[in-house]
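# Inside the fold
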Amino acid sequence: MKVYTKYVWFNTKEKREIVPMTHEAEIALAEAGVNEGFVLVSAMHITSSVFVNDYEHGLWEDIMTWLEKLAPARHDYKHHKTGEDNADAHLKRLLMGHQVILPITKGKLDLGQWEQLFYGEFDGQRNKRVIIKVFGE
Amino acid sequence: MKVYTKYVWFNTKEKREIVPMTHEAEIALAEAGVNEGFVLVSAMHITSSVFVNDYEHGLWEDIMTWLEKLAPARHDYKHHKTGEDNADAHLKRLLMGHQVILPITKGKLDLGQWEQLFYGEFDGQRNKRVIIKVFGE
Amino acid sequence: MKVYTKYVWFNTKEKREIVPMTHEAEIALAEAGVNEGFVLVSAMHITSSVFVNDYEHGLWEDIMTWLEKLAPARHDYKHHKTGEDNADAHLKRLLMGHQVILPITKGKLDLGQWEQLFYGEFDGQRNKRVIIKVFGE
């Protein structure tokens, strides 16, 4: 079994941002040269997400509005007694998930027509890392 | 490492429906003939979910009622400016997750007593696909 | 490909509790002796969660408070017509996810600086099982 590992970095302009990253997974797959297998894409920071959904800006805004409603930024989280101010980002990331497995079939990412990979940033404007690990043969 | 791929299709009668699919994963496992490994089951449409929970109709209704509360169908999503009307289905699928890994031990799905696999449809009444990919030896 | 399987048990004092378990995954990795691969950690009960987030007690309290708001314990769930009383635990577990994949690189769990693994119990005070399965070479 081949295993290929790389790390990609994100430093978003906005504190909260959705960034397309299907291409990053495709590049890793090409570099790995795997025909049948899968790609693990996993956020290495605990206020970030990796998820699969639609490449549509309106929906990205809907997602952010919705996350703010379900897991609002507030002052009174207990986590903030440590000096942190980003408890909501931890909760948003829990809702959205932090990793996906993309199947590889016949040398390509085996995704549905509208499936696209995204990085979800909820406490950005600093360097954050995602691991991409390709497994297969 | 053996890799075996198949696709299963769902076309639900209802727009929103939970459909048991443990048996689909068991069939794929039998076809693959793997003794130790895992099965990736992943929705290929971005308004569908794949998840593990209880085989109990009352709970399925609870899940649907709850999802409607947390991610309600509404007209005013920005995504709907594209002509779509299913933003809530995208959000419901994000809450429920779109893929699971089922471990295989000694030739069988290694699930807890009550663990069952389900397909969750949030924008149905049309053909939608799930990939099942078995990895192992 | 090496595959190594073990099961760990939790019996929490509280009905709802977050229990650190990174060390359990590290032990399984050491026992498996894998250099490149991944660890699947998956709850085998459908009212429990496995997730990655911060080792910070205040945040754990925030998570529990937040889950109670989004998926409250209530009497009127349809699931309770079966005699069960834990529908909220099923919903909380759906929000938090029930499994993670931890990458292994150069013989170690390849986690970000703050990434820690947790078992989330939402209907505890009884024996519950988590499967840890290590794959790799």
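See the structure printed just above.
This section reports on the structure supplied with the text. Because the structure is a prediction, the values reported are computed rather than measured. (Residues numbered from 1 in each chain as written. Chains lettered and ligands numbered in written order. Predicted model: local features only at pLDDT ≥ 70, side-chain atom pairs only at ≥ 80, totals over all residues. Heavy atoms only, no water.)

## Focus on the packing of helix H3 (residues 87-96) of chain A against helix H2 (residues 57-70) of chain C
Packing of H3(A) against H2(C) leaves a shortest axis separation of 11 Å and a crossing angle of 55 degrees. In terms of orientation, H3(A) lies oblique with respect to H2(C). At the point where H3(A) passes H2(C), the crossing takes the right-handed sense. Each of A:Ala87, A:His90, A:Leu91, A:Leu94 and A:Leu95 in H3(A) lies in contact with H2(C), whose residues at this interface are C:Leu59, C:Asp62, C:Ile63, C:Trp66 and C:Leu70. In terms of residue class, the contact of H3(A) with H2(C) is made up of eight nonpolar, one polar and one charged. (Axes fitted to C-alpha atoms, helices over the stretch in contact; angles between N-to-C directions. Helix = DSSP H or I, 4+ residues; strand = E, 2+ residues; numbered from the N terminus. Parallel < 35°, antiparallel > 145°, perpendicular 65-115°, else oblique. Left-handed = near helix turned anticlockwise from the far one by under 90°. Contact = heavy atoms within 4.5 Å. Nonpolar A, V, L, I, M, F, W, Y, C, P; charged D, E, K, R; others polar.)

## Topic: the relation of the copies chain A and chain B
Between chain A and chain B, the superposition needs a rotation of 120 degrees and an axial shift of 0.0 Å, giving an RMSD of 0.0 Å. This pairing of chains is accounted for by a three-fold axis. The residues that chain A uses at the interface reappear at the interface of chain B in only 16% of cases, marking distinct surfaces. (Least-squares fit on C-alpha atoms with pLDDT ≥ 70 in both.)

## Some words on the relation of the copies chain C and chain B
Overlay of chain C on chain B (RMSD 0.0 Å): rotation 120 degrees, translation along the axis 0.0 Å. Little of the interface of chain C is mirrored in chain B, where only 19% of its interface residues are also at the interface.

## Structural notes on helix H2 (residues 57-70) of chain B
Residues and elements named next belong to chain B. Along its 14 residues, H2 runs 20 Å from first to last C-alpha, staying within 8% of the 20 Å computed at 1.5 Å per residue. Within the span of H2, buried status applies to Gly58, Leu59, Trp60, Asp62, Ile63, Met64, Trp66, Leu67 and Leu70. One side-chain oxygen at the N-terminal end of H2 lies 2.9 Å from the backbone nitrogen of glycine 58; it belongs to glutamate 56. (Expected span 1.5 Å × (residues − 1). Buried < 20%, exposed > 50% of the residue type's maximum accessible area, 1.4 Å probe, protein only. Polar contact = N/O pair within 3.5 Å; in protein donor to acceptor, adjacent residues only side chain to side chain.)

## Concerning the sheet that holds strand E6 (residues 108-109) of chain A
Residue and element names in this part refer to chain A. Reading across the sheet, the five strands line up as E1-E8-E3-E5-E6 and stay open at both edges, with antiparallel pairing between neighbours. The open sheet has two edge strands with one neighbour each: strand E1 (2-10) and E6. Pairing of strand E3 (residues 37-43) with strand E8 (residues 128-136), which is carried by seven bridges, proceeds in the antiparallel orientation. By the bridge assignment for E8, serine 42 is matched with isoleucine 131. In the packing of helix H1 (residues 22-32) onto the sheet, the strands contacted are E1, strand E5 (99-105), E6 and E8, and the crossing angle to E1 comes to about 150 degrees. (Pairing = 2+ DSSP bridges.)

## Quick word on the packing of aromatic side chains
Per the stated rule, a full pass over the model turns up 24 aromatic pairs over all chains. Plain terms: the ring middles of A:Phe135 and C:Phe38 are 5.2 Å apart, the flat faces sit at 70 degrees to each other, and that makes the pair edge-to-face. Here A:Phe135 is found in strand E8, whereas its partner C:Phe38 is found in strand E3 (residues 37-43) on a different chain. Measuring from centroid to centroid gives 4.1 Å for B:Phe10 and B:Tyr119, while their planes differ by 10 degrees, and the two rings are stacked. Placement of B:Phe10 in strand E1 (residues 2-10) and of B:Tyr119 in strand E7 (residues 116-121) is noted, with a sequence separation of 109 residues between them. Following the ring pairs from residue to residue traces out a cluster consisting of A:Phe38, A:Phe135, B:Phe38, B:Phe135, C:Phe38 and C:Phe135. Its guanidinium or amino end placed over the ring of B:Tyr77, B:Arg74 lies 4.4 Å from that ring's centre, counting from NZ or CZ. (Phe/Tyr/Trp six-rings, centres within 6.5 Å; stacked < 30°, edge-to-face > 60°. Lys NZ or Arg CZ within 6 Å of the ring centre and 35° of its normal.)

## A look at the interface of chain C and chain B
Residue-level contacts link 27 residues of chain C with 31 residues of chain B. Across the chain C to chain B interface the summed buried area is about 2500 Å²; carbon plus sulfur atoms make up 63%. Sorting the residues of chain C by area buried against chain B places C:Met1, C:Ile46 and C:Leu94 first, and these three jointly supply 25% of that buried surface. Inspection of the chain C/chain B interface yields two salt bridges. When the shortest N-O distance is used, the salt bridge between B:Glu36 and C:Lys133 registers 2.9 Å. Across the chain C-chain B interface, the total number found is 13 residue pairs in polar contact (both at pLDDT 80 or more). (Buried area = accessible area lost by both parts, 1.4 Å probe. Salt bridge = Lys/Arg side-chain N within 4 Å of Asp/Glu carboxyl O.)

## As for the nonpolar core
The biggest cluster of nonpolar side chains holds 57 residues, and the ones touching the most others in it are A:Ile63, A:Trp66, B:Ile63, B:Trp66, C:Ile63 and C:Trp66. Of all the secondary structure elements, the ones that give two or more residues to this core are helix H2 (57-70) and H3 of chain A, H2 and helix H3 (87-96) of chain B together with H2 and helix H3 (87-96) of chain C. Filtering out sequence-adjacent residues up to four positions away, A:Trp66 remains in contact with A:Met96, B:Leu70, B:Ala71, B:Leu91, B:Leu94 and B:Leu95. (Core = buried A, V, L, I, M, F, W, Y, C linked by side-chain atoms within 4.5 Å.)

## Brief notes about the interface of chain A and chain B
Residue-level contacts link 31 residues of chain A with 27 residues of chain B. At the boundary of chain A with chain B, total buried surface from both sides reaches about 2500 Å², with 63% on carbon and sulfur atoms. Where chain A meets chain B, there are 13 residue pairs in polar contact (both at pLDDT 80 or more). Residue assignment for the side of chain A that touches chain B shows that the elements contributing at least two residues are E3, strand E4 (48-53), H2, H3 and E5 of chain A. A per-element tally of the side of chain A that touches chain B places H2(A) first, with seven residues. For the side of chain A that touches chain B, the per-class residue count stands at 16 nonpolar, seven polar and eight charged.

## Focus: the environment of B:Leu70
Tracing the chain through its elements places B:Leu70 in helix H2. On the basis of relative accessibility, which here comes to 10%, the residue B:Leu70 falls in the buried class. Spatially, the C-alpha atom of B:Leu70 lies 8.1 Å from that of B:Lys92, the residues being 22 residues apart in sequence. In contact with B:Leu70, other than residues within four places in its own chain, are A:Trp66, A:Leu70, B:Leu95, C:Leu70 and C:Leu95.

Function cannot be read off these values alone, since they describe shape.
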